[in-house]
Amino acid sequence: MEISTQKQMQPPVIKAEEKVTSPWAEAWYSFKKNKLALVGTGIVIFFILLAIFAPLIAPEGINDQKMSVRLQAPSADHWFGTDDFGRDIFSRVVYGARISLWVGTFAVMGSIIVGCLLGILAGYYGKWVDSLISRIFDIMLAFPSILLAIAIVAVLGPSLRNALIAIAIINIPNFGRLIRSRVLSVKEEEYIMAAKAVGMKDSRILFQHILPNSMAPIIVQGTLAIATAIIEAAALGFLGLGADAPNPEWGKMLADAKQFMIQAPWTMIFPGLAIMLTVLGFNLMGDGLRDALDPRMKN
Amino acid sequence: MVHAPVLEVKNLRTSFITSDGEIPAVDDVSFSVNKGEVLGIVGESGCGKSVTSLSIMKLIPQPPGKIAGGEILLNGENLVHASEKRMREIRGNEVAMIFQEPMTSLNPLFTIGEQLVEALKIHKKLGKKTAYQQAVEMLKLVGLPRAEQIIREYPHQLSGGMRQRVMIAMALSCHPRVLIADEPTTALDVTIQAQILSLMKDLNEKLDTAIIMITHDLGVVAEVCQRVVVMYAGKIVEEGLVEDIFKNPKHPYTLGLLKSIPDIRDKKERLYSIPGNVPKPGSITTGCRFAARCEFVMDRCWSENPELYETERPGHAVRCLLHEKEGVADDRSTVKS
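Rules and cut-offs
Residues numbered from 1 in each chain as written. Chains lettered and ligands numbered in written order. Predicted model: local features only at pLDDT ≥ 70, side-chain atom pairs only at ≥ 80, totals over all residues. Heavy atoms only, no water. Phe/Tyr/Trp six-rings, centres within 6.5 Å; stacked < 30°, edge-to-face > 60°. Helix = DSSP H or I, 4+ residues; strand = E, 2+ residues; numbered from the N terminus. Buried < 20%, exposed > 50% of the residue type's maximum accessible area, 1.4 Å probe, protein only. Lys NZ or Arg CZ within 6 Å of the ring centre and 35° of its normal. UniProt positions renumbered as here; feature names shortened; annotations may be inferred. pLDDT = per-residue confidence, 0-100. Contact = heavy atoms within 4.5 Å. Pairing = 2+ DSSP bridges.

Caption draft 1: Spatial organisation of the packing of aromatic side chains. Under the counting rule described, the total for this entry stands at 11 aromatic pairs over all chains. A centroid spacing of 5.0 Å and a plane angle of 85° characterise the contact between Tyr232(B) and Phe290(B), whose relative ring orientation is edge-to-face. With Tyr232(B) in strand 9 (residues 227-232) and Phe290(B) in the loop between helix 10 (252-259) and strand 11 (309-310), the pair connects residues that are 58 residues apart, well separated along the chain. Looking at Tyr232(B), the relative accessible area reads 1%, which means it is buried. The class for Phe290(B) is buried, based on a relative accessible area of 3%. Feature note: the residues Trp79(A), Phe80(A), Phe90(A) and Phe270(A) constitute an aromatic cluster, connected by ring pairs. Positioned above the aromatic ring of Tyr124(A) is the side chain of Lys187(A), whose terminal nitrogen or guanidinium carbon lies 5.9 Å from the ring centre. Sitting over the ring of Phe238(A), Lys258(A) keeps its end group 5.4 Å from the ring centre.

Pasting the structure below:
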């Protein structure tokens, strides 16, 4: 259908390149039609730009303490008000985007890389390799994830980096299982048999055929996992197990603000809103990607 | 017939290990294909045709499957004992295969070209550019129009018939000695079927590739094959030249198969079918495996294992006690394990 509408819009002579639509291009086409997904993507891009250009956007530094303006309500000078040290909350929220996106993205990338590797090994080689890896995943999933993260941070020592590592570790089994099940189903596809029949090596089949065909659900799950990772990072920060003192980590800001919740609610509202919005953005984008990439949803 | 066989299968046994024990799916099967010949392997679903072809490629999933005995000789080299590395050199290069489902035999994420050059890159160690040129040549050879364009397209942009042509191009790109076609036309509609068959026949003559045509469709056999092997429940029940099998079928099973081809001139209420089903592999250990469905069944059939008995026609042999007096075919069928 897409091709025919394109044809009508374009002049009659069509170059071969333009007619070729890869499955990725088709997914992008249906993603573009999804309004909510675009809103989500917009929010995500907004926060990414915020993070990149934080020094240009933020009017003050993250730790510019001014005792004369402690706990002031939002005003023209301080859009989001000030905290108990007289620091500009708007600036801190803007810089906080850097921390949250960094933690979210890198933690998820870590889990994807390790999870994919283990999942592929388990799914492709089967037998005891599969049993061993799957049982480890089962054990990890038996813990409530935030408890496991707390335990890992407790062992490694509280810091932002260790929080990131902990979040990466607790998400490994989700990706591992996902990839394992994809490998198991793709492995039975006829084109894998056809690839074997032309004499392709196992390793090449894995990386050339099985992995790319398992990519779509990983992208979807990855986007949604960034949202969860951001919440987990904020939770660890709130519990004092993440970012240390002057860092404007959103969860940590919430924790610091909780004693002023009644007299200065803005100290809590704005970091909270920031968390909520980023997570919403990633979730909407993830749902949109699922609709676009998941063949079962297509009709 | 003067040619030496390219591929000889001798007493092949392939079995699967299940919870009921070891089940033989292919039981003592022997046949050979000569250079440039088209051999048909016919039988109902579950008779061991596909397992035979996968055994030749050594692509039987192991476990649960295993080649339990016999020899597969490709130009005298026994593939049963070949290493996996050697098998990878052979697959696609000396023995190639095409599959039943052209819709799923191509990876949806890559262009036709990317997949076509794979075999050329692996076996002929060609560079990207020359490989692509050869791929275009192959696409032209299999009769695809606008080959230069198709090479850049994705599988979902092609129809089933076009995809099967691509699969044939892929299989023949390294000029293999033997092409195994596992039900290549079953998933295609009749007009396309005829085109693909005549293409295969054409390429068989042009490139002198031996073809093993695995099918359940006797029409396909009549169209392209020179010799045919009829399989039933893992065993060869009849083999011979196509003319002999069609004009003078001996085995009751072959008779039944030929009778089940509907004839448009004959306005029957019901179409003929062989009563019953293919027995579960491994369920019959003594007697003829077809006895339960045979209209000529005798008492002896339940207790004696028939052997392949040669008929008056050269190369025509049948595994049926009715034709016992005509003599035992040759030594290979009498080998008992």
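This is not the end of the story, as more comes after the structure.
Caption draft 2: Representation of the UniProt feature "domain: ABC transmembrane type-1" (unreviewed entry) in chain A in the model. In the numbering used here, UniProt assigns the feature "domain: ABC transmembrane type-1" (unreviewed entry) to residues 97-286 of chain A. Across residues 97-286 of chain A, helical content stands at 84% and strand content at 0%; the span's end C-alpha atoms are separated by 19 Å.

Caption draft 3: Representation of the confidence of the model for chain A. Per-residue confidence for chain A gives a mean pLDDT of 84; residues scoring 70 or more make up 91%. Ignoring residues within four places in sequence, the model shows residues 1-18 of chain A, a span with pLDDT below 50, making 11 contacts including any to other chains.

Caption draft 4: Examining the sheet that holds strand 1 (residues 5-18) of chain B more closely. All names here are of chain B. Strand order in the open sheet formed by 4 strands is 2-1-4-5, and the pairing between neighbours is antiparallel. Every interior strand has two partners, whereas the edge strands, strand 2 (21-34) and strand 5 (77-78), have only one. Note that strand 1 and strand 2 share 10 bridges and pair antiparallel. Following the sheet pairing, Glu8 is matched in strand 2 by Ser32.

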